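Structural description and commentary
Letter by letter, the chains look like this.
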Amino acid sequence: MSSSPEYVTLSSGARFPVIGLGTYTPLQGEDEVIVAVKAAVRAGYRHIDCAAIYRNERAVGHALKELIVEGIVKREDLFVVSKLWNTCHRPDLVQPSLKKTLDDLGLDYLDLYLIHWPMAYKEGGELCPQDENGKTLFSEVDYVDTWKALEDCRDMGLTRDIGLSNFNSKQIQRLLDSARIKPVAMQVEVNCHNTNSKLIEFCKTKNIVVIAFAPLGTPSMDHQHVKLLEEPALKKIAASHKKTAAQVAIRYLIQVGITAVPKSVTQSRIEENIRVFDFKLSDAEMSALAALNKNLRGYDEKIALDHKYYPFYEDF
């Protein structure tokens, strides 16, 4: 099974499911999240992507507990990921934050814990702290120091592996230069409208697996651009394979050599998004999809543009 196309091997040796369920559902309540997680695991998903800032880890945990009790899945067959939020970068806050996530999820350990962003925000108050003028309040904590605290969490067995999210190549390299334990993965926005190919190639040279969030594009984009799943080239390729545009968009990422966490709370789409291992895109089709790139970033954390560690001023 280790050579299964549905898994990749992390540098730590862990088997990592190529497709996961994204649980960022700001418009949905806890009940929808519970239904989505249960539908995903029943459909074959084993990788669940969470984060403290999503504010729904307790609902995810509720679903996982029911699935385990019902015998649908064993804990050791799941790969659960979460992320440290920006207000908890100070080293003494990392372990309590991870323990809160474990408590909410009802788990003894995570499979992978990521630093959500390289920027630290002011500790001890709101999740997105602001001054009276609405400006985000930053913290001076260096992500290199935050990483040392994540390394300690891994030593303690609170998480099996550690990684990054939304870092640029220079930040990754700076962290690698001092890291005792190397990051095994990096989550970042990747889709046919934002192929992020230079960053992906950089991560591959460092043996870091890339996890694509927003693999189906970003619905909240301004109206001057065609939505990714409405792109004529994508729809044409999908029709020729008797697949949906979403399935082709995800298959593209798999063939680029990365993993993906599509999000949905609709059972039929959740099931559809993991049925991507029974067809292959040709080189010409891959080129046509890569040509859709517009470097469109939907999730750019604009409230932190002035932060010294804001990642997106670099090319990659």
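Calculation criteria
- Residues numbered from 1 in each chain as written.
- Predicted model: local features only at pLDDT ≥ 70, side-chain atom pairs only at ≥ 80, totals over all residues.
- Heavy atoms only, no water.
- UniProt positions renumbered as here; feature names shortened; annotations may be inferred.
- Helix = DSSP H or I, 4+ residues; strand = E, 2+ residues; numbered from the N terminus.
- Buried < 20%, exposed > 50% of the residue type's maximum accessible area, 1.4 Å probe, protein only.
- Expected span 1.5 Å × (residues − 1).
- Contact = heavy atoms within 4.5 Å.
- Polar contact = N/O pair within 3.5 Å; in protein donor to acceptor, adjacent residues only side chain to side chain.
- Core = buried A, V, L, I, M, F, W, Y, C linked by side-chain atoms within 4.5 Å.
- Arc of directions from axis to C-beta.

1. Section: the UniProt feature "binding site: substrate" (unreviewed entry) in the protein chain
Per the UniProt record, the feature "binding site: substrate" (unreviewed entry) sits at His116. Along the polypeptide, His116 turns up in the loop between β6 (110-115) and α4 (143-155). Residue His116 is classed as buried on the basis of its relative accessible area of 7%.

2. A closer look at α4
Helix length check: α4, at 13 residues, gives a terminal C-alpha distance of 18 Å against a target of 18 Å (1.5 Å per residue), a fit within 8%. Among all positions of α4, only Tyr143, Val144, Thr146, Trp147, Ala149, Leu150, Glu151 and Cys153 are buried. Lining the buried residues of α4 we find β5 (79-84), α3 (91-105), β6, β7 (159-165) and α5 (169-178). Looking at where α4 begins, the residue whose side-chain oxygen comes 2.9 Å from the main-chain nitrogen of Val144 is Asp142.

3. Brief notes about the nonpolar core
Ranked by size, the top nonpolar core spans 90 residues in total, and within it Ile19, Ile172, Met186 and Leu289 carry the most contacts. When residues of this core are assigned to their parent elements, the largest contribution, eight residues, is made by helix α8 (residues 245-256). Setting aside its immediate chain neighbours within four residues, Leu289 contacts Cys192, Leu234, Ile237, Val248, Tyr252 and Leu281. Formed by 13 residues, the second largest nonpolar core is a distinct cluster that contains Phe79, Ile211, Phe213 and Ala214.

4. Observations concerning the UniProt feature "site: Lowers pKa of active site Tyr" (unreviewed entry) in the protein chain
Under the UniProt annotation, "site: Lowers pKa of active site Tyr" (unreviewed entry) lies at Lys83. Note that Lys83 resides in strand β5. Among residues more than four places away in sequence, those in contact with Lys83 are Asp49, Cys50, Ala51, Ala52, Tyr54, Tyr113, Leu114, His116 and Gln187.

5. Quick look at unusual backbone geometry
Within the chain, Asn207 stands out as a residue other than glycine whose phi angle is a positive 60°. Structurally, the position occupied by Asn207 is in the loop between α6 (197-205) and β9 (209-213). In this structure, Ala214 is a non-glycine residue whose phi angle is positive, near 55°. With respect to the helices and strands, Ala214 occurs in the loop between β9 and α7 (232-240).

6. A word on α6
Turning to α6, its buried residues are Leu199, Ile200, Phe202 and Cys203. Viewed along the axis of α6, the buried residues span an arc of 160°, placing them on a single side of the element. Exposed side chains of α6 directed beyond 90 degrees from the buried face belong to Lys198 and Thr205. Contact partners of the buried residues in α6: α5, β8 (185-189), β9 and α8. Asn207 occupies a position one or two residues after α6 and carries a positive phi of about 60°.

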